[in-house]
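Descriptive analysis of the structure
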Amino acid sequence: PRGMVAAVARYGYSLHDALADLIDNSVDAGATNVTVRFFRNDAAIQRIVVADDGRGLDDEGLRLAMQFGVQVHHGLTDLGKYGLGLKSASLSQAQAVSVVTRNTGGWVGGRRWTMELIQRGWICELLDTADCAGLLDLDWGGVSTAGSGTLIVWDELDRLRLGRTGVDTALRGFMRRLPVELGIVFHRFLADGRLRVLLDTEHTVTGDRSAPTPVEALDPFAHRHSGREGYPVTFGVQVGEGPLLPLSAHIWPANSKEPAYRLGGGKIAERQGLYFYRNDRVIQAGGWNGWRQNDSEPHTSLARAAIDLPPELDARFRLDVKKSRLDVPPEFIAALDDARAGSTELNDWIQAAVDTYRSSTDRPSRDAPAVPGAGLPAELRRL
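What comes next is a walk through the structure. Every chain is numbered independently, its residues counted from 1 as its sequence is written. It should be noted that, the model being predicted, local features are given only for residues of pLDDT at least 70 and side-chain atom pairs only at 80 or more, the latter also being counted only at that level, while totals for whole chains, interfaces and linings use all residues. Computation of side-chain values covers all heavy atoms of the structure but excludes hydrogens and water.

**Quick notes on the packing of helix H2 (residues 15-28) against helix H7 (residues 167-185)**
What counts is decided by this rule: Here an angle of 0 to 180 degrees is reported between the N-to-C directions of two axes, which are lines fitted to C-alpha atoms, with helices fitted over the stretch in contact. By the criteria applied, helices consist of DSSP H or I runs no shorter than four residues and strands consist of E runs no shorter than two, each listed in order from the N terminus. Orientation labels follow simple angle bins: below 35 degrees gives roughly parallel, above 145 gives roughly antiparallel, 65 to 115 gives roughly perpendicular, and whatever is left gives oblique. In this scheme, a crossing is called left-handed if the near helix is turned counterclockwise away from the far one by less than a right angle; it is called right-handed if the turn is clockwise. Note on contacts: a residue pair is in contact if any heavy atoms of the two residues lie within 4.5 Å. Any residue that is not Ala, Val, Leu, Ile, Met, Phe, Trp, Tyr, Cys, Pro, Asp, Glu, Lys or Arg is counted as polar, Gly included; the first ten are nonpolar and the last four charged.
Two elements in contact, H2 and H7, have axes separated by 10 Å at closest approach and are oriented at 50°. What the angle tells us is that H2 and H7 run oblique. Crossing geometry of H2 relative to H7 is assigned as right-handed. On the side of H2, the interface is formed by Leu15, His16, Leu19, Ala20 and Ile23, while H7 contributes Phe174, Leu178, Glu181, Leu182 and Val185. Within the contact of H2 with H7, the residues separate by chemical class into eight nonpolar, one polar and one charged.

**Some thoughts on the pairing of strand E4 (residues 108-114)**
The following threshold applies: Under the scheme applied here, a residue whose accessible area is under 20% of the maximum for its type counts as buried, over 50% as exposed, and between as partly exposed, the area being computed with a 1.4 Å probe on protein chains only. In this description, strands pair whenever DSSP reports at least two bridges between them.
With six of its seven residues buried, E4 lies for the most part within the structure. With seven bridges joining them, strand E3 (residues 94-102) and E4 adopt antiparallel strand pairing. Bridged to Ser98 within E4 is Arg112. The antiparallel pairing of E3 with E4 creates a hairpin that spans five residues between the two strands, and Gly106 there sits at a positive phi of about 95°.

**Topic: the environment of Gly342**
By secondary structure assignment, the location of Gly342 is in the loop between strand E14 (340-341) and strand E15 (344-345). On the basis of relative accessibility, which here comes to 72%, the residue Gly342 falls in the exposed class. Sequence spacing of Gly342 and Phe235 is 107 residues, and the spatial spacing of their C-alpha atoms is 8.5 Å.

**Topic: helix H11 (residues 330-338)**
Put simply, the rule is: Taken from the helix axis, the directions to the C-beta atoms give the arc we talk about.
Inspection of H11 places Phe332, Ala335 and Leu336 among the buried residues, and these make up the whole buried set. Seen from one end, H11 has its buried residues packed into an arc of 105°, which puts them on one side. Opposite its buried face, H11 presents the exposed residues Pro330 and Asp338, each directed more than 90 degrees away.

**Digging into unusual backbone geometry**
The peptide bond linking Tyr231 to Pro232 adopts the cis configuration, its omega dihedral lying at 10°. Within the fold, Pro232 resides in the loop between strand E8 (213-214) and strand E9 (233-238). One non-glycine residue, Glu156, lies in positive phi territory at about 55°. Relative to the assigned elements, Glu156 resides in strand E6 (residues 149-157). With a phi angle near 50°, Leu263 is a residue other than glycine that sits in the positive phi range. Inspection of the secondary structure assignment puts Leu263 in the loop between helix H9 (259-262) and strand E11 (273-278). Classification of Leu263 by relative accessible area gives buried; the value is 0%.

Following this line, the structure appears as structure tokens:
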């Protein structure tokens, strides 16, 4: 058990990857509202709760959700994949994870894993039903769990590094970065109203609660106008004997200040490349997967492409447990070289993006200062 759980806890989840994995489960449970709440005091972040208003679980469903090494059936349209995400995502961030649920039939239950009890022989705690109901009946902001819903509770958070900055500064950072990353991953769900996600904080001593921070849709392709005439262009990518994959190739306008291009700021050139979707959820946000050598070359920073992967290609594209990266098959790289849209090749798109970038850097800056000259000629001054 010690080695198994240590391995599961070290899959390399970032905080936003771990939260996205839990939100996947909420979406699969039919939830339309999710609240992510940070509980804190003046010294530490003590607990994180993900609350949803989905249909909840029954006793058998809860047992299976908490079990390691179980084969969970997922439909082709589900966001869940391996049946391990709840445990791996949670234990990557915390020493204890509880699942508290109320289903549409009114059944209430809860179970908890702790690293200590796992190492003592895979002991999973059964939580008191009245305590579970009391937790579900609390105010969870935009989420009502009165009819049904589920809470995922992380305690003993051992991976949140606050450093010397303190709790307030750390929380401000989380509230700035998490809406960006979650807004990218779930932008299609957020944009069409299938999902609403709110982030807030609560002080465990004073009871003060922050105003909720909504996660807004951040569509990496939502430019008001294309950076190049004739784009976006849809290429057909034929991977072996599989279905023809449409690749929608975009070129952003140079020097764009739009949030959908900047995606939170930082190293924007690292946002270029391939965006893979699975069932409308972003799996990989940028990068070239080896097709191009440099994932952050400035001259190609305006090039982004969207690819919707059908679930039947999960195994071929080796979706990782975190659902944040793909290990594409070698034939995919060859297929990119052969991809066509009429007479246009994929490399033509790259060259067009480079030309667009370079043409913007060749223009004189609009902010160039006016340089004083010699003034008016003497003849003109005498008039």
